[in-house]
Amino acid sequence: EGLLETAKDRETKMNYLKNSLNRQLRRLVLVLTAVGLVVLPASVSALATGDVGPWTGTSNLGVTSTTAGAVAYNGFLYNVGGRDSSLNAMNQVQYAPINPDGTVGTWTTSPHVLPTAQWRLGVVENNGYLYSIGGLNGGGAVAGVYYAPINPDGSVGTWTSTTSLPQATHSSGV
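First things first, this report covers the structure right here in the doc. What you see as residue numbers is a count from 1 along each chain, following the sequence as written. Owing to the predicted nature of the model, reporting of local features is limited to residues with pLDDT of at least 70; listing and counting of side-chain atom pairs is limited to 80 or more, with chain, interface and lining totals taken over all residues. To obtain the side-chain values, all non-hydrogen atoms of the structure were used and water was disregarded.

## Looking at the overall build of the chain
Working step 1: The helix count covers DSSP runs of H or I at least four residues long, the strand count covers runs of E at least two residues long, and both are numbered beginning at the N terminus. For the chain, the helix and strand inventory stands at one helix and twelve strands.
Working step 2: Moving toward the C terminus, one meets the helices and strands of the chain in the order α-β-β-β-β-β-β-β-β-β-β-β-β.
Working step 3: By the burial criterion, 34% of the 174 residues in the chain qualify as buried.
Working step 4: We call two residues in contact whenever any of their non-hydrogen atoms come within 4.5 Å of each other. Of the contacts formed within the chain by residues at least 6 apart in sequence, a portion of 43% connects residues at least 24 apart. Buried means the residue's accessible area, taken with a 1.4 Å probe over protein chains only, is under 20% of the maximum for its type, while exposed means over 50%, and partly exposed covers the values in between.

## Notes on the packing of aromatic side chains
Working step 1: Pairing of aromatic side chains here covers Phe, Tyr and the six-membered ring of Trp, requires ring centres within 6.5 Å, and sorts the geometry by plane angle: under 30 degrees stacked, over 60 edge-to-face, intermediate tilted. Tallying each qualifying case throughout the model produces five aromatic pairs.
Working step 2: Taken together, a centroid distance of 5.8 Å and an interplanar angle of 65° make the contact between Tyr-129 and Tyr-147 edge-to-face. Taken together, the residues Tyr-129 in strand β8 (residues 129–133) and Tyr-147 in strand β11 (residues 145–149) connect sequence positions 18 residues apart.
Working step 3: Look at Tyr-147 and you get partly exposed, because its relative accessible area is 26%.
Working step 4: One aromatic cluster is present, built from ring pairs that chain together Phe-76, Tyr-78 and Tyr-95.

What follows is the structure, encoded as structure tokens:
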């Protein structure tokens, strides 16, 4: 019985470490978007093992964006909201294909922008929908939650408001 508990504990610790590493890598991608350069590990599949290869520069985002939300889904990378170089809130959504070698393809700006300009928002994908959760705008923290369908070609559809958070929040990790 003690051996089973030890194996279970090790598995729990490994899962925690892998999840922690993935969160840290997502945060690093967000920080690097601040200078308009997104980088990915040489082998994205290395994330599954916890071993990260060397870092390599890849495609330029095309706009200066700080404190944006970012998420990867179905072979695409998404950059949502943020602040521009003058620190104005942005409502833009950009997306780019993630190539098989881990590099990022050409970024496209979606014609479907967030309903409100915001930064330090949480962004997550679920069942083919992109969600924007909370964030900051010129008036402070917001409680708004928006969602948009992700089309098979990676493009983002029209954003729709849904049930707001019970309390305004920002800088949430989702």
